[in-house]
Each structure stands twice: as structure tokens, then as C-alpha cells.
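Letter by letter, the chains look like this.
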Amino acid sequence: MKKIIILGATGSIGTSACDIVRTHPDDFKVVALAVRSNRAGVEKLAAEFGAKAYCGEDSAARAVAENDADIVLVSTVGLSGLAPTLKAIEKGMDVALATKEVMVAAGELVTNLAREHGVKIIPVDSEHSAIFQCLQENCAINAHWNRCVRRLILTASGGPFLDGPNDLSGVTPAQALNHPRWKMGPKVTVDSSTMMNKGFEILEARWLFDVPADRIDVVVHPESVVHSLVEFEDGATLAQLSPPDMRVPIQYAFTWPERRPAVRAKLDLPALGALTFRAPDENRFPALKLVKEAAQAGGTRTAVLSAADEIAVDRFLKGEIKYTDIVPLVRAAVERAPEIACDSIARVLEADSWARSFAASH
Ligand code: MG
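Note that this is a predicted model, so its numbers are computed, not measured. (Residues numbered from 1 in each chain as written. Predicted model: local features only at pLDDT ≥ 70, side-chain atom pairs only at ≥ 80, totals over all residues. Heavy atoms only, no water.)

Comments concerning the coordination of the magnesium ion
Donor atoms from the polypeptide that coordinate the magnesium ion comprise D125 (OD), E127 (OE) and E201 (OE), at 2.1 to 2.4 Å from the metal. In primary sequence terms, the donor set of the magnesium ion follows D-x1-E-x73-E. Linking D125 in the loop between strand 6 (121-123) and helix 6 (126-135) with E201 in helix 9 (residues 196-208), this pair joins segments that are 76 residues apart in sequence. Take E201: its relative accessible area is 1%, and that puts it in the buried class. (Donors = N, O, S within 2.8 Å, 3.2 Å for Na, K, Ca; no water. Helix = DSSP H or I, 4+ residues; strand = E, 2+ residues; numbered from the N terminus. Buried < 20%, exposed > 50% of the residue type's maximum accessible area, 1.4 Å probe, protein only.)

Next comes the structure, spelled out in C-alpha cells:
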């Protein structure tokens, strides 16, 4: 039986994770649950699972510090996942990582520490789980760049504005929050619509699989059935397919290296008929180019990217800036950020708070 700590227990990923534990009571035991503000929600879950409940600003860090588990599911919002992730690694607990900002902002720091402590970072994001599944038996998890891989290919649904409107400047928060395939929190849904989310996933893959960002490509695949692909040096390409349901990658993160049965919608290929793919339009979605530039610059530039985007999206949702101001505001922050190395949590937080105040005041 694997013991699990769930951080961000009442969010979209946390709720699905609880579902998986409910259907596999002999395989998993939840020992602690943490949330930022939903006290009633977390106490209800804690009573159901016989686990400890944590609520408040430092709840995730406390849940990790005060409990021992085989896996810590990090599905908090944004950089608040960083400190508990580092704490879990220091305690030698494997991390199932859903909060991509942890890798975007501090991938270098997190992966170095994980290597040092022999801890595995298991992907939960559907694309990265797909790559992870394709890499089984081909490459060791979190290993150094493996020469058998030529390229990682992340699929993107393209979001609600793939085919229109032509002019995105009048897009409202309600339109940006209307994702065609996935039900997710508001920040990641807006990030999906700008493709900033896909950019973050390039960085996440870069650190999870130790693959340089220039060997990670994005292909638009509106059906969201192929979750990502790995192209190998011998000319073979492997893909992972399933209906869009986050419980598939979450469960795999919990059961890896094994699989467990689950009652889920099956893939009906004849009903699907065709799967389509196209290149992303980088003029329409300038976030992809910006992310690659930030990755190239290295250091804490990507921490600035992540924090500035969080503020920019928040300001858009509050009606303070236009939809088409989001990415240019983030770009301005990345270009004007001071050079800070990504070698300690203090420096990551310094870059993060610089970016937040820049994006709030420009
Ligand atoms: Mg994803």
C-alpha cells in the first residue's frame, strides 16, 4: 500500500486524485491533505480518508514536514508548490508533480536536488505523463539526456481561439475561460488559450526529461486524444492515446511502474474517425517564442516568466488589461529582469517577487 500526501486537495487535480484513492482503497492510503483556504472541504476529506487536514498559507509545507509518505502529489496553485516540493525531496519522498510552475520557475534547482537525494519526480500533466509512458523501458526516469531520443513532441488542443476571432483584442474573461476540451482552474485555462501553458510545458519537459528546449516541439491536435509523442533516433515515434480525462495520468503517477484497472471511457477509434495535427501559429500565439527565448537565457528568467504571467492573467481576469496585453506584459518583464542565478529558493523567490511587482505596475 502506498501512502500519499495530497497538496491542493480540493482543486481540480486533488479532487480527481481523491477519486482514484476511493476506487483503489487497497492500493493507496491518504495520510495528509492540504489546501490554502477551503477549510470545510479539506476537513470533510480528512474525515473520509482518516487523514490529517492542513489549511492556510503554509499548509502544504507543514503537511510535508509533519508526515511521511511514499508519494507527495503537488497540485497547488503556482509557485506555492516550490517549498513543499523541495521539502519532500529533502525527506526522500517521491513527488507526483502537477504544479508545472515549480519546474518552470525552478527546474534547475528542483532536478539537481532530486538527483542528489535519489528522489523521482513523476509527471502528472497529461502531456508529460504521455512522454513518460512512451519512455518506459527506453530511458530511466529523470536520467540525463538519453541519446536514443531525438525529439519530444507535445500536443496542444489549441484552446478556444485556434480558429477565431481574427482580432483577439476584444476577448473577454468568459470567452478565455471556455476551454473546448479540459475542465481546469481559471489560471491554467487562460494560459491554455494564449498557449503560454504549452510554453510552460516545454520548460517542464526540459527539466523532467533532461532534454534541451530546442529538441521539444509543439503540434496542435484539437481532438486531445494523442497526449504527446517521443521520436527516437531509429526513426520510430511512440504516442500515448486516451480520452481526455486527467484521472488517467494521475493514476499512472500513483501506480507507476505498474498499472491498475479503472472504469473509464474507452478510446473508440472508429467513432473518432480522424485525428488531425497542424503546426502552431506563432504569430497568433507569441507565447511559444517568448518561452523559448527565456529558456535560452536560463537562470531565473523562466521564474520571471511564470510570475509575470500569473499577475498578467489575474489583471486580465479583473478587467485591468486587455487579453492581447498578457503576453507583451510578460515579455517586458522577462526582457527587463535582473540576472539572477537559479541556485537557491531565496533567489527564485527574489526573481519571482521582482516579476510580480513589475507586472503589477506596468
Ligand atoms: Mg497539460
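Remarks on the packing of helix 5 (residues 100-117) against helix 9
Interhelical geometry of helix 5 versus helix 9 gives an angle of 25° and a closest axis separation of 8 Å. Between helix 5 and helix 9, the angle falls in the class roughly parallel. As helix 5 runs across helix 9, the sense of the crossing is left-handed. Two secondary-structure elements touch here, helix 5 through K100, M103, V104, G107, E108 and T111 and helix 9 through N197, F200, E201, L203, E204, W207 and L208. Class assignment of the residues belonging to the contact of helix 5 with helix 9 gives a composition of 6 nonpolar, 3 polar and 4 charged. (Axes fitted to C-alpha atoms, helices over the stretch in contact; angles between N-to-C directions. Parallel < 35°, antiparallel > 145°, perpendicular 65-115°, else oblique. Left-handed = near helix turned anticlockwise from the far one by under 90°. Contact = heavy atoms within 4.5 Å. Nonpolar A, V, L, I, M, F, W, Y, C, P; charged D, E, K, R; others polar.)

Examining the sheet that holds strand 10 (residues 237-241)
One open sheet accounts for 4 strands, arranged 8-7-9-10; its pairing is mixed. Two strands bound the open sheet, and with one partner strand each, they are strand 8 (216-220) and strand 10. Along the sheet, successive strands turn relative to each other by an average axial angle of 20°, direction set aside. Strands strand 7 (149-156), strand 9 (226-232) and strand 10 of the sheet are contacted by helix 6, whose axis makes an angle of about 40° with strand 9. (Pairing = 2+ DSSP bridges.)

Some thoughts on unusual backbone geometry
A cis amide bond links G164 to the next residue, P165, at an omega of -5°. Here P165 lies in the loop between strand 7 and helix 7 (173-176). The linkage connecting W256 with the following residue, P257, adopts the cis geometry, with an omega of 10°. The residue P257 is located in the loop between helix 10 (247-255) and helix 11 (269-272) in this model. You will see that M195, though not glycine, has its phi angle at about 70°, which is positive. The backbone of D210 sits at a positive phi, close to 55°, despite the residue not being glycine. As for its placement among the helices and strands, D210 is situated in the loop between helix 9 and strand 8.

Topic: the pairing of strand 9
Most of strand 9 is tucked away: 7 of the 7 residues are buried. Relative to strand 9, strand 7 is paired through 5 bridges, and the arrangement is antiparallel. Bridge assignment links L154 to a residue of strand 9, and that residue is S228. With 5 bridges joining them, strand 9 and strand 10 adopt antiparallel strand pairing. Residue pairing across strands places L229 opposite A239, the latter belonging to strand 10.

Regarding the nonpolar core
Here is a general trend for soluble globular proteins: nonpolar side chains tend to be buried in one another's company. With 122 residues, the main nonpolar core has L33, F254 and L305 as its most contacted residues. When we break this core down by domain, the ones giving at least three residues each are domain 1 (2-124) and domain 2 (163-192 + 298-362). Leave out the neighbours within four places in its chain, and F254 touches K2, I4, A17, I20, V21, F28, I71 and L73. (Core = buried A, V, L, I, M, F, W, Y, C linked by side-chain atoms within 4.5 Å. Domains from an automatic or database assignment.)

Brief notes about the domain arrangement of the protein
Taken domain by domain, the protein comprises domain 1 (2-124) and domain 2 (163-192 + 298-362). For domain 1 versus domain 2, the distance between C-alpha centres works out to 24 Å. Every contact between the two is made by 13 residues of domain 1 and, on the other side, 16 residues of domain 2. Across the interface of domain 1 and domain 2, roughly 1000 Å² is buried in total on both sides, 65% from carbon and sulfur atoms. Applying the counting rule to domain 1 against domain 2 returns 1 salt bridge. (Buried area = accessible area lost by both parts, 1.4 Å probe. Salt bridge = Lys/Arg side-chain N within 4 Å of Asp/Glu carboxyl O.)

Focus: the layout of surface pockets
Looking at the second largest pocket, its volume works out to about 350 Å³. If you go around the second largest pocket, you meet 16 residues; those closest to its centre are S242, V248, A262, R264 and A265. A per-element tally of the lining of the second largest pocket places helix 10 first, with 4 residues. Of the residues contributing to the lining of the second largest pocket, the split by class is 6 nonpolar, 5 polar and 5 charged. (1 Å grid on protein atoms, 1.4 Å probe; cavity = no way out; pocket = protein on both sides within 12 Å on 5 of 7 lines; lining within 4 Å. Points joined across faces, edges and corners; volume = space filled by probe spheres on them.)

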